[in-house]
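Residue-level structure breakdown
Given next are the chains, with one letter for each unit.
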Amino acid sequence: LTLSLTRTTSAYAQSKLKAYKNFGKLLVVYLHRAKSMAVNMFRDGSYHKYTLFGKRRVKEGECCAIWDSKGSVRNVVGPKLEWIYMSDVRFLDRFVADQNGYLVVAYRDGRKEHIRGPASIFMDPVVHHSIEKKAAISLNASEVIVVYTELDCFRDGVNAHESSSSEISSPENLNVKPSGGAAAEEEDVPLADAVLAKDGKRVSRRIIRGPTLFIPAANEWIHKFSWHGSNDLMGDERTMIKDALKLSKIRTLPDQLYYNVQACRTADDAQLCVNLMVFYQVVDLEKMLDSTHDPIGDFINALSADVIKFTAQGTFEQFVKCSSELNELSAFPLLLERARGIGYSIDKVVFRGYKASSQLQAMHDSGIKTRTQLQLEARSTEQKQAMEDLILERKIQRSAKEHEMEAAARAHSRELSALDHAERLQQAEAEATAAVARQVEADNQRLVFLRALKDQGVDLTKYLCALERGDEKVVRIEGCGSVPHLHLKNFDGK
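Basis of the calculations
Residues numbered from 1 in each chain as written. Predicted model: local features only at pLDDT ≥ 70, side-chain atom pairs only at ≥ 80, totals over all residues. Heavy atoms only, no water. Helix = DSSP H or I, 4+ residues; strand = E, 2+ residues; numbered from the N terminus. Areas by Shrake-Rupley, 256 points an atom, 1.4 Å probe, with all protein chains shown as cover. Pairing = 2+ DSSP bridges. Axes fitted to C-alpha atoms, helices over the stretch in contact; angles between N-to-C directions. Buried < 20%, exposed > 50% of the residue type's maximum accessible area, 1.4 Å probe, protein only. Phe/Tyr/Trp six-rings, centres within 6.5 Å; stacked < 30°, edge-to-face > 60°. Core = buried A, V, L, I, M, F, W, Y, C linked by side-chain atoms within 4.5 Å. Contact = heavy atoms within 4.5 Å. Parallel < 35°, antiparallel > 145°, perpendicular 65-115°, else oblique. Left-handed = near helix turned anticlockwise from the far one by under 90°. Nonpolar A, V, L, I, M, F, W, Y, C, P; charged D, E, K, R; others polar. pLDDT = per-residue confidence, 0-100. Salt bridge = Lys/Arg side-chain N within 4 Å of Asp/Glu carboxyl O.

1. Quick notes on the overall build of the protein
Helix and strand counts for the protein stand at eight helices and 22 strands. Surface accessibility of the protein: about 33,800 Å² in total, with carbon and sulfur atoms responsible for 55%.

2. Focus on the sheet that holds strand 4 (residues 80-91)
Paired through their backbone hydrogen bonds, the strands of a sheet run either parallel or antiparallel. The strand order across the open sheet built from four strands is 1-4-2-3, with neighbouring strands paired in antiparallel fashion. With one partner strand each, in any of the chains shown, strand 1 (48-58) and strand 3 (73-77) form the two edges of the open sheet. Ignoring strand direction, the axes of neighbouring strands in this sheet form an average angle of 35°.

3. Description of the pairing of strand 21 (residues 271-282)
The buried count for strand 21 comes to nine of twelve residues, which makes it a mostly enclosed element. In textbook terms, the turn of a hairpin is the stretch between consecutive antiparallel strands, and for strand 20 (residues 255-265) and strand 21 this stretch comprises five residues, one of which, Asp269, has a positive phi near 65°. Relative to strand 22 (residues 344-356), strand 21 runs antiparallel, the two being bridged by eleven bridges. Residue Gln281 lies in a different strand from strand 22, and its bridge partner there is Ser345.

4. Focus on the packing of aromatic side chains
Here the structure, examined in full by the defined rule, presents eleven aromatic pairs. Each ring, one from Phe53 and one from Trp83, has its centre 6.4 Å from the other, and the planes form 35°; the classification is tilted. A residue pair is termed long-range when its members are at least 10 positions apart, and Phe53 in strand 1 and Trp83 in strand 4 qualify at 30 residues. Owing to a relative accessible area of 54%, Trp83 belongs among the exposed residues under this scheme. On the numbers, 5.9 Å between centres and 15° between planes, the contact of Tyr148 with Trp221 is stacked. Residue Tyr148 is located in strand 11 (residues 143-152), and its partner Trp221 is located in strand 16 (residues 220-222); the two are separated by 73 residues in the primary sequence.

5. Looking at the nonpolar core
Counting residues in each nonpolar core, the largest one holds 43 residues, and the members touching the most others are Leu276, Phe299, Phe332, Leu335 and Tyr344. The element best represented in this core is helix 4 (residues 295-312), accounting for seven residues. Among residues more than four places away in sequence, those in contact with Leu335 are Val278, Phe299, Ala302, Leu303, Asp306, Ile346 and Val349.

6. Looking at unusual backbone geometry
Most peptide bonds take the trans form, and the phi angle of most residues other than glycine is negative. For the bond from Gly78 to Pro79, the omega torsion is 5°, close enough to zero to count as cis. With respect to the helices and strands, the residue Pro79 is situated in the loop between strand 3 and strand 4. The residue after Gly210, namely Pro211, is reached through a cis peptide bond having omega 5°. Even without being a glycine, Met86 presents a positive backbone phi close to 50°. Tracing the sequence through the fold places Met86 in strand 4. Met86 gets classed as partly exposed once you look at its relative accessible area, which sits at 29%. At Asp243, a position not held by glycine, the phi torsion is positive, near 60°. Structurally, the position occupied by Asp243 is in strand 18 (residues 240-247).

7. Considering the packing of helix 4 against helix 6 (residues 333-341)
In the contact formed by helix 4 and helix 6, the axes pass within 7 Å of each other and the chain directions differ by 155°. Classified by the angle their axes make, helix 4 and helix 6 are roughly antiparallel. Considering how the two elements wind past one another, helix 4 and helix 6 form a crossing that is right-handed. Residues Asp298, Phe299, Ala302, Leu303, Ala305 and Asp306 of helix 4 form the contact with helix 6, whose participating residues are Pro333, Leu334, Leu335, Arg338 and Ala339. Partitioned by chemical class, the residues of the contact of helix 4 with helix 6 number eight nonpolar, no polar and three charged.

8. Things to note about the sheet that holds strand 21
Here we have three strands laid out as an open sheet, ordered 20-21-22, and antiparallel in their pairing. Looking along the sheet, the strands with just one partner apiece sit at the ends: strand 20 and strand 22. For this sheet, the mean inter-axis angle between neighbouring strands, taken without regard to orientation, is 20°. Sheet topology note: the strand 20/strand 21 ladder contains nine bridges and is antiparallel. In the sheet register, Tyr259 faces strand 21, and the bridge partner there is Leu276. Most of the contacts of helix 4 go to strand 20, to which it runs at about 40°, and overall it touches strand 20, strand 21 and strand 22. Those strands touched by helix 6 are strand 21 and strand 22, and its axis lies near 145° from that of strand 22.

9. Topic: the confidence of the model for the protein
Looking at the protein, pLDDT values average 82 and 79% of them are 70 or higher. The weakest mean pLDDT in the protein belongs to strand 12 (residues 177-178) at 40; the strongest belongs to strand 6 (residues 101-107) at 96. Throughout residues 158-196 the model reports pLDDT below 50, and contacts reaching past four residues in sequence, or to other chains, amount to 89 contacts.

10. Brief notes about the pattern of salt bridges
For the coordinates displayed, the defined rule picks out 13 salt bridges. Ionic pairing is found between Arg410 and Glu406, a salt bridge with its closest N-O pair at 2.7 Å. Of this pair, Arg410 and Glu406 are both found in helix 7 (residues 358-455), four residues apart, which corresponds to roughly one turn of the helix.

Dropping the structure here:
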């Protein structure tokens, strides 16, 4: 009995523990669902259940498909409370496109439709194969795209042309709700003259120019271009790779490309790599579409042919001297002719330099170094000689100025001397005139005096002779008959 009670108590505890565990699991599931519902209030295509008998509350903004026991389906759009019996219930995914996008709807019967936004639609698995949201093609003022349109003459009529999806389809059973608003206008471009007719269908081509927001129709597709593109490397390793540039929009603004023409040989068999930059612009898009599938490839082929021909005309030294001619458009006749043939214009070609083999480049660099050194030395010598010439010229100019100054000083001195001499002559002449006048006056007075003496009986001759002797002492000895004797003795006793 004790053993039986123990076993009963143990079984009851285990069942209780199992019930608690199940309740905990249910609680976790409930909390997870509550959290999911708090994040997403609307049910989508992941909700799919079979209900024997019950009801479903379809909220506003939801739509569900209900299959009854016979397999018939009906769509219920909320808000609505739907009673169901032995039915499969599946909520539908909702797709929304804003004014900058559109919806691509593929039907199970093979049809395809583009719905311009803003619009919303529920995906019905019975009617729709797939629904995809896509962004409209935005074009600025300098961009264009090429659009092809396929027309079914039996289905749309001979003159029918389906434009871009400006009308929004709204199947009633799917509750397609357009949100309104004006879509971007597309430029009214006439259809291309050339069309392809086959089995009652024809394909036309038109060009859409920006600025616009373009949404293609279901029977339209955008031309995808595949051109030569750069490998995005710098220096001499930069080159063009076929089909590297894939684009659907073509820019009508002036553009440029960098290209290195490899393996160019001169007349003396020197191998060079010529670096160029080409500025170009599309001028006739229709001509480009009809004449080429890769204008960049045509450019580099024609450019290579012109450069190879240019380098082969002379030796390496001649190429170095004439390399500046590669900046002129006249050096690229094939490039200009091909550009005109495919609707482009070449505005300018810029020569960015060249690179030779390592040995030839080393020799050329050495020659350049030697020539540069000689030129620097020649310039230095010329500067020294010019400096010496300048010093000598300045000395000559200074000496000439000194001579001029000295001559001027001498002339000035002569002028001063002449003035002084003239002044002295004038003074001497004045003094002589005064002296003569005084002498004449004195002579007149003497004559008056002598006349007076003569009138008084004085012997003027003796008087004048005595007067002329002055202080001279004269001893006169007079005798009568006998010869006198005279003794002379010096006063100092000798």
